[in-house]
Amino acid sequence: MFKKILGVAALLGAGLAQAFSPQVGTWIVTSEMDGKPGRGFGIDVQNTTLVMQMYAYENSGQSTFYLAVGDMVDNKVTAPLTKYTGGRFFGSGARSGTAAGSPGNVTVRFTTGTTGFITFPNEPEVAIARFNFGYGAVAESLRGFWTLNSIGSEGLQSDLVEFNTNLGATTNGNGLMANTAQSFGCEHQVRGALSGNVLCVKINSSNQVVRTYVFVYSVNEGEGYSVASANSAQQSLYIRRLTTPKGVGTGLLYKNAEAGTSHASALVQHIEKISLDGLPE
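Residues numbered from 1 in each chain as written. Predicted model: local features only at pLDDT ≥ 70, side-chain atom pairs only at ≥ 80, totals over all residues. Heavy atoms only, no water.

1. Things to note about the sheet that holds strand S13 (residues 177–178)
Where we set the bar: Any two strands between which DSSP finds at least two bridges are classified as paired. The numbering of helices and of strands both runs from the N terminus, where a helix is a DSSP run of H or I of at least 4 residues and a strand a run of E of at least 2. Contacts are assigned to residue pairs that have any heavy atoms within 4.5 Å of one another. Helix axes use the C-alpha atoms of the stretch in contact, all axes being lines fitted to C-alpha atoms, and the angles between their N-to-C directions lie in the range 0 to 180 degrees.
Overall, antiparallel pairing links the nine strands, which are arranged S11-S10-S18-S17-S16-S15-S14-S13-S12 in an open sheet. Each edge of the open sheet carries a strand with a single partner, namely strand S11 (155–163) and strand S12 (165–166). Pairing between strand S17 (residues 221–227) and strand S18 (residues 235–241): six bridges, direction antiparallel. Counterpart to Gly222 in the pairing with S18 is Ile239. Sheet strands touched by helix H2 (residues 264–277): S13, strand S14 (184–188), strand S15 (198–203) and strand S16 (209–218). Its angle to S15, the strand with the most contacts, is close to 135°.

The structure is reproduced here in structure tokens:
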């Protein structure tokens, strides 16, 4: 089953090759993430144009910043990394920065919306990731409203759900967050073949699984796959957080109107069974 899951991941990666845009925010070189001041960069992508603002240091130790603007093709961009000086400082009057040369090109290639690789001038390629400083891999980080949209041979499948009830940890997870009806729940997997992923299960009023979701996310967005309970094909999945755990909207805000009988016991059983046995054959 583990080999099957790896095969699923590889297939999914191929299917998503042109299906995502890098997340906007602060990114870091993963090998340089040691809790101390260092280099980092902000990325924004609009249409096919990528803008990267980088803070770094001169060989003298003086801090400085650079700007790169380029066109993304097949999730990759190469552009001059330009240094600027002479701009406005705190308390100054109007001043305009001017370009002060470039150490060379920077190349960024993205493998998902939250991971990739970067090549700085005179340096080898290194891994990068969206900097997640607000959400740990714990149950409470899943609290709030989410949308889960998958597309594939079944067409577009969408769910809008609020996770607001902690049902406790299952065998391979660290805390199952469920909706009010306890018919839909997600949990960070910390052991087993799906370790490092979030596993979600949606069940119906008869306690039968109607859809399973597996994904990874950073801050407010994530990617993965979903499958129905029967012998169905995988669907490429995109997820989005709509509110923080405290109910602050990250975009659109919806009212939770769920009601009905509790399905907590069945939900826990399905999460544990899938995390232990793997996805339905």
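2. A short note on the side chain of Thr82
So the rule is basically this: For the exposure calls, accessible area comes from a 1.4 Å probe over protein chains only, and a residue counts as buried if that area is under 20% of its type's maximum, exposed if over 50%, partly exposed in between.
Here Thr82 shows up in strand S5 (residues 76–85). With relative accessibility at 16%, the residue Thr82 sits in the buried group. Discounting chain neighbours no more than four positions away, the residues touching Thr82 are Phe65, Tyr66, Leu67, Ala99, Gly101 and Ser102.

3. A short note on the packing of aromatic side chains
Just so we agree on the cut-off: Here a pair means two rings of Phe, Tyr or Trp (six-membered ring of Trp) with centres within 6.5 Å. Their orientation is stacked below 30 degrees between planes, edge-to-face above 60, and tilted elsewhere. For a ring to carry a charge above it, either NZ of a lysine or CZ of an arginine must fall within 6 Å of the ring centroid while also lying within 35 degrees of the normal to the ring plane.
Taken as a whole and judged by the stated rule, the model has eight aromatic pairs. Of the aromatic side chains, those joined through ring pairs into one cluster are Trp146, Phe215 and Tyr217. Geometry around Tyr135 places Arg241 over its ring, the cationic atom sitting 3.7 Å from the centre.

4. Concerning the confidence of the model for the protein
Selection criterion: A score from 0 to 100, pLDDT tells how confident the predictor is in each residue.
When pLDDT is averaged across the protein, the result is 86; 87% of the residues are at 70 or more. Overall, residues 252–259 carries pLDDT values under 50, and its contacts beyond four positions in sequence, including any with other chains, amount to 17 contacts.

5. Here's the deal with the pairing of S14
In terms of residue burial, S14 counts as a mostly covered element, since five of its five residues are buried. Neither face of S14 is left uncovered, since the one carrying Phe184, Cys186 and His188 and the one carrying Gly185 and Glu187 both have all their residues buried. Relative to S14, S13 is paired through two bridges, and the arrangement is antiparallel. Residue pairing in the sheet places Met177 in a bridge with Cys186 of S14. The antiparallel pairing of S13 with S14 creates a hairpin that spans five residues between the two strands, and Gln182 there sits at a positive phi of about 55°.

6. A look at the pattern of salt bridges
The line we're drawing: Whenever a carboxyl oxygen of Asp or Glu lies within 4 Å of a side-chain nitrogen of Lys or Arg, that contact is scored as a salt bridge.
Evaluated as defined, the whole model comprises eight salt bridges. Across the salt bridge formed by Arg109 and Glu125, the nearest N and O atoms sit 2.8 Å from each other. One end of the pair, Arg109, is in strand S7 (residues 104–110); the other, Glu125, is in the loop between strand S8 (115–119) and strand S9 (126–130), and 16 residues separate them in sequence. Relative accessible area serves as the criterion here: at 39%, Glu125 is assigned to the partly exposed category. Members of the salt-bridge network, linked through shared partners, are Glu32, Arg39 and Glu123.

7. What to know about the state of the cysteines
Test applied: Pairs of cysteine sulfur atoms within 2.5 Å are identified as disulfides in what follows.
With the rule as written, the count across this model stands at one disulfide. Shown here is the disulfide that connects Cys186 with Cys200, its sulfur atoms set 1.9 Å apart. With the S-S dihedral at roughly 110°, the linkage between Cys186 and Cys200 falls on the right-handed side. One end of the pair, Cys186, is in strand S14; the other, Cys200, is in strand S15, and 14 residues separate them in sequence.

8. Overview of unusual backbone geometry
Backbone geometry at Asn47 places phi at a positive 60°, although glycine is not the residue there. Along the chain, the position of Asn47 falls in the loop between strand S2 (40–46) and strand S3 (49–57).

9. A short note on the nonpolar core
Stated precisely, the cut-off is as follows: Nine residue types can take part in a nonpolar core, namely buried Ala, Val, Leu, Ile, Met, Phe, Trp, Tyr and Cys, and a core is a set of them joined through side-chain atoms within 4.5 Å.
Within the largest apolar cluster, 21 residues are counted, with the highest numbers of intra-cluster contacts made by Phe41 and Met52. In this structure, Met52 is in contact with Phe41, Gly42, Ile43, Tyr66, Leu67, Ala68, Leu81, Val106, Val108 and Ile118, ignoring residues within four places of it in sequence. Among the nonpolar cores identified, the runner-up in size contains 18 residues, and Tyr135, Val161, Cys200 and Leu237 belong to it.

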